[in-house]
Amino acid sequence: MSTTVTFVTAKAPAPPGQPDISYAPDYEKWQARAARRLKEGILPTSLPDGYPAQLTGDLVWEGDTVGQKYDWTYVLNSGQLDEIDRAVEHFKGLGLSLGHLTAETFPLPTLHAELRRLSAELHSGHGFFVIRGLRVDEHTREENVIIYAGVSAHIGTQRGRQDHKFDGRPADVVLSHIKDLSWSQNNGVIGSPAYTTDKQVFHTDSGDIVSLFALETSAAGGASKLASTWRVYNEIAATRPDLIHTLSKSWDMEVFEKADKQYTERPLLFHFPGTESTPERVSLQYGRRYFVGFGALPRSPDIPPITEAQAEALDTLHFLGEKFCVNTDFQKGDMQFVNNLAIFHARDGFTDTPDKRRHLLRLWLRDPENAWPTPQVLKPRWAQLYEGVTPEGEVFPLEPYIRSASNKGR
C-alpha cells in the first residue's frame, strides 16, 4: 500500500461568488467546466495579437522524451568536491558574514566554467539542471548553507529577498527552508503547502531562477516535477486559444503579506517578441493559492472572485503540467536549478518518519549576464526581490520557520 500523502490540509473556505474550485485540482470538475464553457458560449478561436501559434527550441520538451536528448544531471567528481571543500575553508577563514558569499569569496577555479555553462543552459537551453553528489552529512548545517550559497553564486550572482523580517525585526531573508512544520506548529497559521506534507500543485516561484538543495529526502513520496511552460503553451494555443486570452489578461492576485492593497492586478502569461539578439518567448508567473487560497490563508472576500474562465485556465495549467512533466529524481545532496520564467514545477505529497524528514533549502537567484527581460508589470515585484539587498543585510536562517507570505500570524 502506498504511504504517499496527497492532501491532508483542510480545504480553505471559498469567498462568496467563487467558482467551485479549490487548491486541490479535481480532474472531473475541470473536464465538466471545460465542456460546459465550450457548449455555453462563443469563445475566441484565434490567439491574441502577436502571440505565436507554436514555440520551438530546446525549451519545448516533454517529460517522457526529454531524457533521450538531454542529461540534466551534472555529477560532481571527487576533485570538484574537494575544490568545494577548500572553498568552504577559504570563506570561513575570511571571517565574513554569509551575505558576502560570492564567486570571488567562494573560489572554484576549475568548476566555475562548468557552472557558467550551466547558467547558460538555464537561460538558453532546456531551462533546468541538477547538480548531484554533494556530501551533506560531512558538513555542519552552516557549512551546507555556505556550500549552497557559494556554488549558487557562480550560477546567479544576485540572491532574492524571500522575507522582509526575521525574529520580529526587519531583515533581508534570502534563504528559505522547505519542510513540514505542521507536526511542530499550530496548523492554524500555515497558509502554504511548502510547510506541510501536501502535494504542491504546479506553480512558479518569484524571480528568475528558483533553486533547491536537498539536505534530506522523505521516507516516501515527494517527487520533484518540472514542466515546460512552452510545451504547455503550445498545447493550449493549438487546442484552446481562448485560454491564452484568459491567461494574458489581468487577474486579481492576492497579496498575503501586509500591504496597502491586498491584491495586485496582472496577467499570468507574458509574451516577449523576438529581437535581433533574443528569440521570441513566452513566460508564465503564477501560484494557484493566490487565487483559491490554502489552509489558514483562504482567498479574501474583499477581493473579486475569479471567473469560470480563470478557474478552467488554472486547472488546464495544472493538468497539462502533469501530462508533460519530468520527475527529476531529486536525491539527498542534490541542488536543482530552474528557469522560473520558462519552467513551472510541482511536488508530490510525501510521508516523513522520525529519522527521515524531507528538508530542502531554497534560493531565488538572478544572473544579470544571462537574465531574460523582466515583464514591465513584474518589475515592482522584481524590485522587492533584488533591489537594496546588501551583503551586510542578508540573513540565512539555519533553522526552518514559516515565512510571512505563508503565515496567518504574519
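The following refers to the structure shown. (Residues numbered from 1 in each chain as written. Predicted model: local features only at pLDDT ≥ 70, side-chain atom pairs only at ≥ 80, totals over all residues. Heavy atoms only, no water.)

1. Topic: the sheet that holds strand β20 (residues 394-395)
Stated formally: Strands are labelled as partners when DSSP assigns at least two bridges between them. Counting from the N terminus, the helices are the DSSP runs of H or I reaching at least four residues and the strands are the DSSP runs of E reaching at least two.
Overall, mixed pairing links the 3 strands, which are arranged β4-β5-β20 in an open sheet. On the outer flanks of this sheet lie β4 (163-166) and β20, each paired with one strand and no other.

2. Quick word on the side chain of His126
Our working definition: Classification of residues uses two cut-offs on accessible area relative to the type maximum, computed with a 1.4 Å probe and protein chains only: under 20% is buried, over 50% is exposed, and between them is partly exposed. The contact criterion used throughout is that any non-hydrogen atoms of two residues lie within 4.5 Å.
Checked against the element boundaries, His126 lands in the loop between α4 (112-124) and β2 (128-132). For His126, a relative accessible area of 7% translates into the label buried. Setting aside its immediate chain neighbours within four residues, His126 contacts Asp58, Leu59, Trp61, Val66, Lys69, Tyr70, Glu121 and Ile343.

3. Observations regarding the pattern of salt bridges
Oppositely charged side chains can pair when the atoms bearing their charge come close. Stated precisely, the cut-off is as follows: For this analysis, a salt bridge means a side-chain nitrogen from Lys or Arg found within 4 Å of a carboxyl oxygen belonging to Asp or Glu.
Scanning the entire structure with this criterion turns up 31 salt bridges. A salt bridge links Arg117 to Glu114, with the shortest nitrogen-to-oxygen separation between them at 3.3 Å. Placement of the pair is Arg117 and Glu114 together in helix α4, with a separation of 3 residues, close to one helical turn. For Arg117, a relative accessible area of 40% puts it in the partly exposed group. The class for Glu114 is partly exposed, based on a relative accessible area of 25%. Between Asp172 and Arg161 there is a salt bridge; the shortest N-O distance is 2.7 Å. Highlighted residues: Asp172 in strand β5 (residues 169-173) and Arg161 in the loop between β3 (158-159) and β4, separated in sequence by 11 residues.

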